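Overview (structure and organization)
So you can see what is in the structure, the chains are spelled out below.
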Amino acid sequence: KQLDSHPWLKSPAIQISIFLSPLDVHINRIPCAGKIDYVNYKKGKFLEAYKDKASEDNEQTEIGLVTGPGTKIVFKQIAGVLARRIVCHLKKGQSVTGGEKFGMIKFGSRTDLIVPAGTQIDVQIGQRVKGGESILGRFSNTSNINPSPTGLIEKPRHTSTPLSMTENGFDL
């Protein structure tokens, strides 16, 4: 989904939303290496997580991350109808590694990744993705970001860096 702007990014952005059914694994992973700039918890509704309004209205934790080269991204843990508990182990100022587990959402829920406009998106609507394996997209001209030490995420190519965010079983 194209966004006109995000308050923290202050520029046009792209939102990738991943729906998790109650049968999926709900562990969340860091999309790429960087430093946590903020962690904001917001109380809210418990709409069906696959609905667009869930990204705005539902209970959620929003995390802002700055990569080594200074690219800003946002990712969210969003509760759904059944998910009534979000667990997030991140703190402001914390350095993180791509692929690192940072929390979970209990039962059916959603995860959003908001990246700067111009990011190459490597997934399609309806595609099933797997944490630590699926590359969601690539930043351009930031090949020095290390997305994951696990070896499960493809190594950066010459002019891009992979993003991956979820544990096995997440749906897009």
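Computed from a prediction, not measured in an experiment: that's the story for all the values here.

1. Details of the pairing of strand E9 (residues 101–105)
With three bridges joining them, strand E3 (residues 27–29) and E9 adopt antiparallel strand pairing. Within E9, the residue paired with Asn-28 across the bridge is Gly-103. Sheet topology places strand E7 (residues 86–88) next to E9; three bridges connect them, and they run antiparallel. Counted as the bridge partner of Cys-88 is Gly-103 from E9.

2. Topic: the side chain of Asn-28
For Asn-28, the location among the structural elements is in strand E3. The class for Asn-28 is buried, based on a relative accessible area of 0%. There is a polar contact of 2.8 Å between the side chain of Asn-28 and the side chain of Gln-77.

3. Points about the nonpolar core
The biggest cluster of nonpolar side chains holds 19 residues, and the ones touching the most others in it are Leu-65, Ile-73, Phe-75 and Leu-90. When near neighbours in sequence (up to four residues on either side) are disregarded, Leu-90 contacts Ile-30, Ile-36, Val-39, Ile-63, Phe-75, Val-96 and Phe-102. Formed by seven residues, the second largest nonpolar core is a distinct cluster that contains Leu-3, Leu-9, Ala-13 and Val-74.

4. Remarks on the pairing of strand E6 (residues 72–79)
With seven of eight residues buried, E6 is to be regarded as a mostly interior element. Of the strand pairs in this sheet, strand E5 (residues 60–66) and E6 are connected by seven bridges, and their pairing is antiparallel. Looking at E6, one finds that Ile-63 is bridged to Phe-75. Judged from the six bridges that link them, E6 and strand E10 (residues 109–116) form a sheet pairing that is antiparallel. The partner of Ile-78 across the bridge, within E10, is Arg-110.

5. A short note on the confidence of the model for the protein chain
Looking at the protein chain as a whole, its pLDDT mean stands at 79, while 80% of the residues score no less than 70. Contacts from residues 142–162, a stretch scored under 50 in pLDDT, to residues over four places away or in other chains number 62 contacts. Every residue in residues 165–172 scores below 50 in pLDDT, and together they form 54 contacts with partners more than four places removed in sequence or on other chains.

6. Section: the sheet that holds E3
The antiparallel open sheet is built from three strands, whose spatial order is E3-E9-E7. Edge positions in the open sheet fall to E3 and E7, since each of these has one partner strand only. On average, each strand axis in the sheet is inclined to that of its neighbour by 25°, with strand direction left out of account.

7. Things to note about the pattern of salt bridges
Under the defined criterion, the tally for this structure stands at six salt bridges. Glu-62 is paired through a salt bridge with Lys-76; the nearest N and O atoms lie 3.9 Å apart. Linking Glu-62 in strand E5 with Lys-76 in strand E6, this pair joins segments that are 14 residues apart in sequence. Among the residues examined, Glu-62 registers a relative accessible area of 16% and is labelled buried. Salt bridges here are not isolated pairs; linked through shared partners, they connect Lys-53, Glu-56 and Asp-57.

8. Quick word on the sheet that holds strand E8 (residues 95–96)
One open sheet accounts for seven strands, arranged E1-E2-E10-E6-E5-E4-E8; its pairing is antiparallel. Where the open sheet ends on each side, the last strands, each with one partner, are strand E1 (2–3) and E8.

Reading guide: rules and limits
- Residues numbered from 1 in each chain as written.
- Predicted model: local features only at pLDDT ≥ 70, side-chain atom pairs only at ≥ 80, totals over all residues.
- Heavy atoms only, no water.
- Pairing = 2+ DSSP bridges.
- Helix = DSSP H or I, 4+ residues; strand = E, 2+ residues; numbered from the N terminus.
- Buried < 20%, exposed > 50% of the residue type's maximum accessible area, 1.4 Å probe, protein only.
- Polar contact = N/O pair within 3.5 Å; in protein donor to acceptor, adjacent residues only side chain to side chain.
- Core = buried A, V, L, I, M, F, W, Y, C linked by side-chain atoms within 4.5 Å.
- Contact = heavy atoms within 4.5 Å.
- pLDDT = per-residue confidence, 0-100.
- Axes fitted to C-alpha atoms, helices over the stretch in contact; angles between N-to-C directions.
- Salt bridge = Lys/Arg side-chain N within 4 Å of Asp/Glu carboxyl O.

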